[in-house]
Structures are given as structure tokens and as C-alpha cells.
Amino acid sequence: MKPTAFLRRTSVRTLLATGLVTSLALVSGCAKSEDDDGKDRNSTSQGDSGQVVASPDAGSGPTCAIDAYGGKKIDLKTATVGFSQSEKEANPFRIAETASIKAEAKKRGVKLLTANAQSQFSKQISDVQDLIAKGADLLVIAPLNSDGWEPVLRSASAKHIPIVTIDRKINATACKDYVSFIGSDFVEQGKRAADRMIEATGGKGDIAILLGAAGNNVTTERTKGFEDRVKEKAPGLKVVFKQTGEFAREKGQSVTENLIQSKPGITGIYAENDEMGLGAVNALKGAGKKPGAVKIVTIDGTRNAVQGIVDGWIDGVIESNPRFGPLAFQTLDTFTKGDKVAQDVVIQDSAYTTDNAESDLGKAY
């Protein structure tokens, strides 16, 4: 993919307007506060902000159905759905994600039980066990880590409870341990971030990577995609620093402060989420740097990061759409009726650049 080959919003509008893409792919192929105030915050608004299925195409890719997974047909309207959120909602991505799940449950009239692991994996395991004990018939899980889910999978299997994971994968077997994963192509996100960094830097200089939290596929795959593309397309661009910012703004800032001291000539910073990128901006401001002195590329699509492009501090944001509610419930509805769903539902992400950041600011979350 060339640096200029970002997905156009107009194509997304066309896909959404048809009203068919998501259903075909599923059926045929298939922060500011830690308190939730119940407001949507535009997290499930229709149009350009909604998720669109990129793959598999209708009729392709591994699928899952009740007869293969085990269990029985359920009317989603009479079922209880349990939702496990992984991280405390001080991150706009998590705020939008939880709001989207709640809004879609309310829209469909489905009883929803929720839990928040507060970024503690042991708590998330006990949270999901508790959701099962409280009578959840179906589970939607945003995993904190990819490994360590065996206790939950055993409990869910014993009661034939279907599981859909969103935004991160678990290391288990699809259509045996869980039904479907819904999320982005994280390797591709990393590649697109690299394309933007190459364009911003001219393909030369020393760059740093603010890694996401360890132990999940998002960090691993966003790193791989970025590094592979840089090696392939820009051998003059050298990764000279890598350290985790744990997907947190404060940590991203402190790591960048150390980076500026140890590598004062750094050319660019790739932050594997917006929050770390915004922390990097704070560090650069504190060091007296001017906007654009260090090129920054991030992934997510939060409003603050897109505003950072408008203000000249950030050079590109690759979208990772958190509005999983409609797709998650459509997947559950299709599956519980006895129809096939895709084991991997990959969503189409757009991007923000200097060309569209100001005009598309209202579409960010």
C-alpha cells in the first residue's frame, strides 16, 4: 500500500448506504472519566462513524454455526448478554466501545450485564466467571491479554455459552472455544502507519516506537506491520528505540521524556495508540519543541489525536474503530438463530491526515 492509498471516506459512505455489506459478510461468510454517564458520546452514530466489514467477502473464510460449536438456538431478545470490558474507562477508545455495546443492547431490548476489569487480568477472569454465574447466556469479551483464558473457556463450554471477542484476540480455537473475533487487521494498521511515517520523514532518520501493552496480539501485530514495512520500503529509516507506553498517555509522556534525553536527534515517533501519542506531544511541548519538529504517527482515531493533526503536532492517525455494538450483536443474533457467522470478522478502518483531519474531526470519537 502506498502512503497515499488510505481508504477514502466516500467509499465507506457507499458501503454503508447499501445496507448490505455487514449482513452479507456475517451471514454468508460468516477518557476522561471512569464513570459511565450513560451518554452515547457519538460512539454509535450512523454514517461514516459506523463499522464496515472489510473481509471475509460473502461466502468465503472459515465459519461457525451452533451445530459445530455446541449449544442450542436462542432468541436474542430473551437472552442475557454479558459484556466484559478490559480497561478502566479513562481511554476514549474504551469509553466509545462500552457505550456502543450498551447503546446497541438498549436498541435491541436485550438484557445486558457489564463488568470492567480495570486493567487487571485476574479481575477480568473473575468478572467473566461472575457474569456466567449471574446467568449470562452469551458473552462479549474485550480481552486484556491474549493468553490465560482457560478457566473462562472451561466454564463457558460446560454451559454451552457462545463467546464473541472484540478488538483483541484470545489464543484459543475458533468455533470450539469461542465463536468469532471482531476487530481490525492490526498488521495492516502497522503497515499503514509506516507508510505515513515514511511520507512524513522522507524515509530517512531515526525513529522510536512507543509499544502498546505486552501480552496481547494488538501490540505484537502493530509492531510487526510497522517494522516489516519500514524495512521493505525505507531502509534509511532506522528504529533506534522501543519501549512500552502501556497504551497510556502518562506512560507515553514519561517514556518520550526519557527518549528526548537519550536520543535528542530523534526524527519520528510511532505510537501504537493515540493516548501514548498524545503523551509524546506533551513531552515534546515540555521540551520546548515546535509542532512538526518530530514526526508523530498514531493509531486509533480519537478526537484529541485528530485535533493534534489540525494543530500540527501529529502527522497521521490510522483509525481503529471502537464502535463494536452493532456488529457484535448482529453476530450473536445470526449465530443464535442457527445461521453461520465468520470466525474472523475484519473491519475496514479509515485514516486521518492533514488533508481530511479538520473536515472529519466530527467523525472521531
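Structural data are supplied above this passage.
Residues numbered from 1 in each chain as written. Predicted model: local features only at pLDDT ≥ 70, side-chain atom pairs only at ≥ 80, totals over all residues. Heavy atoms only, no water.

Q: Teacher, can you tell me more about the sheet that holds strand β10 (residues 268-271) here?
A: In a beta sheet, neighbouring strands pair by backbone hydrogen bonds and run either parallel or antiparallel. As summarised here, the arrangement of the six strands in space is β9-β8-β10-β11-β12-β15, forming an open sheet in which the pairing is mixed. One side of each edge strand has no neighbouring strand; the edge strands of this open sheet are β9 (237-244) and β15 (351-352). Lying over the sheet, helix α8 (residues 217-233) contacts β8 (205-211), β9, β10 and β11 (295-300), oriented at roughly 170 degrees with respect to β8. Relative to the sheet, helix α11 (residues 303-310) contacts β11, β12 (316-319) and β15, its axis offset from that of β12 by approximately 150 degrees. (Pairing = 2+ DSSP bridges. Helix = DSSP H or I, 4+ residues; strand = E, 2+ residues; numbered from the N terminus. Contact = heavy atoms within 4.5 Å. Axes fitted to C-alpha atoms, helices over the stretch in contact; angles between N-to-C directions.)

Q: What is the right way to look at helix α6 (residues 150-158) in this model?
A: One full turn of an α-helix is made of 3.6 residues, so residues set three or four places apart face in the same direction. Regarding α6, the residues found buried are V152, L153 and A156. Down the axis of α6, the buried set is contained in an arc of 95 degrees. They therefore lie on one face. Facing away from the buried side of α6 by over 90 degrees, the exposed positions are R154 and A158. Tucked into the core, α6 has its buried residues touching α5 (121-133) and β6 (163-166). (Buried < 20%, exposed > 50% of the residue type's maximum accessible area, 1.4 Å probe, protein only. Arc of directions from axis to C-beta.)

Q: Even after reading the chapter, I still don't get the packing of helix α7 (residues 186-201) against α8, so can you show me in this structure?
A: When two helices pack together, their arrangement is given by the angle between their axes and by how far apart the axes lie. Interhelical geometry of α7 versus α8 gives an angle of 40 degrees and a closest axis separation of 7 Å. When the axes of α7 and α8 are compared, the pair comes out oblique. Judged by the twist between their axes, the crossing of α7 over α8 is right-handed. Between α7, through F186, V187, Q189, G190, K191, A193, A194, D195, M197 and I198, and α8, the contact on the second element is made entirely by N217, V218, E221, R222, G225, F226, R229, V230 and K233. Grouping the constituent residues of the contact of α7 with α8 by class yields nine nonpolar, four polar and six charged. (Parallel < 35°, antiparallel > 145°, perpendicular 65-115°, else oblique. Left-handed = near helix turned anticlockwise from the far one by under 90°. Nonpolar A, V, L, I, M, F, W, Y, C, P; charged D, E, K, R; others polar.)

Q: So what exactly am I meant to see when it comes to the state of the cysteines here?
A: Working definition of a disulfide: a covalent bond connecting the sulfur atoms of two cysteines. Per the counting criterion, the structure on display carries one disulfide. Each disulfide pairs two cysteine sulfurs, and for C64 the partner residue is C175, the sulfurs being separated by 2.1 Å. One disulfide, between C64 and C175, carries an S-S torsion of 80 degrees and so falls in the right-handed class. Of the two residues, C64 is situated in strand β2 (residues 63-64) and C175 in the loop between β6 and β7 (180-183); the sequence distance between them amounts to 111 residues. Assessed through its relative accessible area of 1%, C64 is described here as buried. (Disulfide = S-S within 2.5 Å.)

Q: Looking at this structure, how should I read the pattern of salt bridges?
A: For side chains of opposite charge, pairing can occur when their charged atoms come near one another. Applying the stated criterion to the full structure yields 20 salt bridges. Put simply, R94 and E97 hold a salt bridge, and the shortest N to O gap is 2.9 Å. Of this pair, R94 and E97 both sit in helix α4 (residues 92-108), separated by three residues, roughly a single helical turn. Take R94 and E97: they sit in the same class, and that class is buried. In this structure, the salt-bridge partner of E232 is K233, at a minimum N-O distance of 3.8 Å. Its relative accessible area of 53% is what places E232 among the exposed residues. You can call K233 partly exposed: its relative accessible area is 49%. Within this structure, E87, R94, E97, D167 and R168 form a network of salt bridges that share partners. (Salt bridge = Lys/Arg side-chain N within 4 Å of Asp/Glu carboxyl O.)

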